[in-house]
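Residue-level listing of the chains:
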Amino acid sequence: IETYVVAQHVTCRCQVALDNPCLLAGTDVLITQLPVVGALLDATDAGEPSNQITESQLPYRLTNSKGRVVFRAPDNYDTSGAWSFANYTLVPDTAEVYEGGNIFFTNHLGLLTSSQFTSGSEGWTIVGNGDMTTPLYMTITAGMLDRYIAAGDEVSALDPDTGTDRRKWYFVSGSDFVNFAGLRGFLAGAFGGTLRFTIKATYGDWSSTLNSPLDFISLECGKCDYGRGIRLVRFADVSLPWDGTEQVIEVTIGLGHLWRRVVTGSSWPLASQCDIAAVLSALTSVSILGDFTASGEGVGVDNVEMEVAAEHAAFPGSSSQGACVPRATPGHCGVAWGPD
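Read on for a plain summary of the structure. These numbers come from a predicted model, not from an experiment.

1. Considering unusual backbone geometry
Between Leu58 and Pro59 the backbone carries a cis peptide bond, its omega angle lying at -10°. By the element assignment, Pro59 lies in the loop between β6 (49–52) and β7 (60–61). Each neighbour pair has its own omega, and for Ser212 with Pro213 the value is 0°, a cis peptide bond. Secondary-structure assignment places Pro213 in the loop between β17 (194–204) and β18 (217–221).

2. Digging into the sheet that holds strand β21 (residues 260–261)
Here we have six strands laid out as an open sheet, ordered β13-β16-β22-β18-β19-β21, and antiparallel in their pairing. Bordering the open sheet on either side are β13 (125–127) and β21, each of which pairs with just one other strand. In terms of strand pairing, strand β16 (residues 170–172) meets strand β22 (residues 285–289) through three bridges, oriented antiparallel. Paired with Phe171 across the strands is Ile288, a residue of β22. Across the face of the sheet, helix α2 (residues 273–281) comes into contact with β18, β19 (230–234) and β21 while running at roughly 70° to β18.

3. What to know about the packing of aromatic side chains
Summed over the entire model, instances satisfying the criterion amount to 12 aromatic pairs. Relative to Trp242, the ring of Phe216 lies with its centre 6.2 Å away and its plane at 15°, an arrangement referred to as stacked. Remark: Trp242 occurs in the loop between β19 and β20 (247–252) and Phe216 occurs in the loop between β17 and β18; sequence separation between them is 26 residues. Residues Phe216 and Phe292 carry aromatic rings whose centres are separated by 5.1 Å and whose planes lie at 85° to one another, so their mutual orientation is edge-to-face. Remark: Phe292 occurs in the loop between β22 and β23 (297–307) and Phe216 occurs in the loop between β17 and β18; sequence separation between them is 76 residues. Put simply, the rings of Phe197, Trp206, Phe216, Trp242 and Phe292 pair up and form one aromatic cluster.

4. A word on the pairing of β18
For β18, a buried count of four out of five residues is recorded, marking the element as mostly surrounded by other parts of the structure. Pairing of β18 with β19 involves five bridges; the strand directions are antiparallel. Paired with Cys221 across the strands is Ile230, a residue of β19. As defined by bridge partners, β18 adjoins β22 across four bridges and the pair is classed as antiparallel. When the bridges of β22 are listed, Glu220 appears paired with Ser285.

5. Regarding the environment of Phe104
With respect to the helices, strands and loops of the structure, Phe104 is situated in strand β11 (residues 101–106). Each C-alpha atom of the pair Phe104 and Ala188 lies 9.2 Å from the other, and the pair is 84 residues apart in sequence. When near neighbours in sequence (up to four residues on either side) are disregarded, Phe104 contacts His9, Val10, Thr11, Cys12, Ser84, Phe85, Leu112, Gly185, Phe186, Ala188 and Gly189.

6. Quick look at the state of the cysteines
Inspection of every chain in the model, using the stated rule, returns two disulfides. Shown here is the disulfide that connects Cys12 with Cys22, its sulfur atoms set 1.6 Å apart. One end of the pair, Cys12, is in strand β2 (residues 10–13); the other, Cys22, is in strand β3 (residues 19–23), with 10 residues separating them in the sequence. Taken individually, Cys12 and Cys22 each receive the classification buried, so the pair is uniform in this respect. Through a disulfide, Cys221 is tied to Cys224; the S-S separation comes to 2.1 Å. Disulfide Cys221 to Cys224: torsion about the S-S bond roughly 95°, handedness right-handed. For Cys221, a relative accessible area of 0% translates into the label buried. The buried category is assigned to Cys224, whose relative accessible area is 0%. Here Cys14 stays free of any disulfide, with the sulfur of Cys12 as its closest cysteine sulfur at 5.8 Å. By relative accessible area, which is 2% here, Cys14 ends up buried.

Calculation rules
Residues numbered from 1 in each chain as written. Predicted model: local features only at pLDDT ≥ 70, side-chain atom pairs only at ≥ 80, totals over all residues. Heavy atoms only, no water. Helix = DSSP H or I, 4+ residues; strand = E, 2+ residues; numbered from the N terminus. Pairing = 2+ DSSP bridges. Contact = heavy atoms within 4.5 Å. Axes fitted to C-alpha atoms, helices over the stretch in contact; angles between N-to-C directions. Phe/Tyr/Trp six-rings, centres within 6.5 Å; stacked < 30°, edge-to-face > 60°. Buried < 20%, exposed > 50% of the residue type's maximum accessible area, 1.4 Å probe, protein only. Disulfide = S-S within 2.5 Å.

Keep in mind that these numbers describe shape and distance, not what the molecule does.
Pasting the structure below:
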């Protein structure tokens, strides 16, 4: 039986136009992929920058014994999300199989991606609301909402037995949110981190009948599980309530935070760490429920962000993308994609 050693994903918060030191999870390290923006430099044991690593040098073995690198950030770059990422492995041992980890370079706020809606709806759509497929773009300020997207209930089809909507509507992210700066797979860095957004009802009665279930937030990977797809849901409940008032919603994207995997049937199991890791590694979309009440409502959403954890959580296995496939070592997540 082979022993798998997986280089842990590492996140570095970086300032514009500065040399930003970063400590990797290993002492004997090979750099195998360089960032597409900025420059990656070797470092001394003290963390001072030394020579810049070039493509022709890959795979490049760090000369320091601490696993230190330096990311030289550009002086003019969009700071609303991730800068880029590089890849590294540990120096191979003949008895072990090593897999690469990503080094995520984010802005100083730790954001991997965000939709601030400063100049438009940024590709977000409305799903399940009749002919309304594009959210309203609001250029006004309403409390914490400042240039935001909004929608109101366009369709009412109530189930006569439950009195709730047969079909609910959602705000759904565009491709720019999940492929920030063209960096496919970088949202694996959100494992153990935070999804945050501001939400406010513009009208509606939350004391009336609420829809059920309230699948408040969904993360979806269309290619996962050999192309069958995986959808993870965080339901509104006593630990994640929303009563229509203005609120900043924050949820941790990790094991033990009540994410459930959608499966056939009424009982959806809690998501495993492999489920969460796989979905983030190939995230297709983020959905936010707008249709909370059976009687109809209007909802505004702003400042949707995915932030890395303060201390990066240990990623449970491969940085490939797909569904979890057990391997020789317990707890290791191999993954498999479906076709493009």
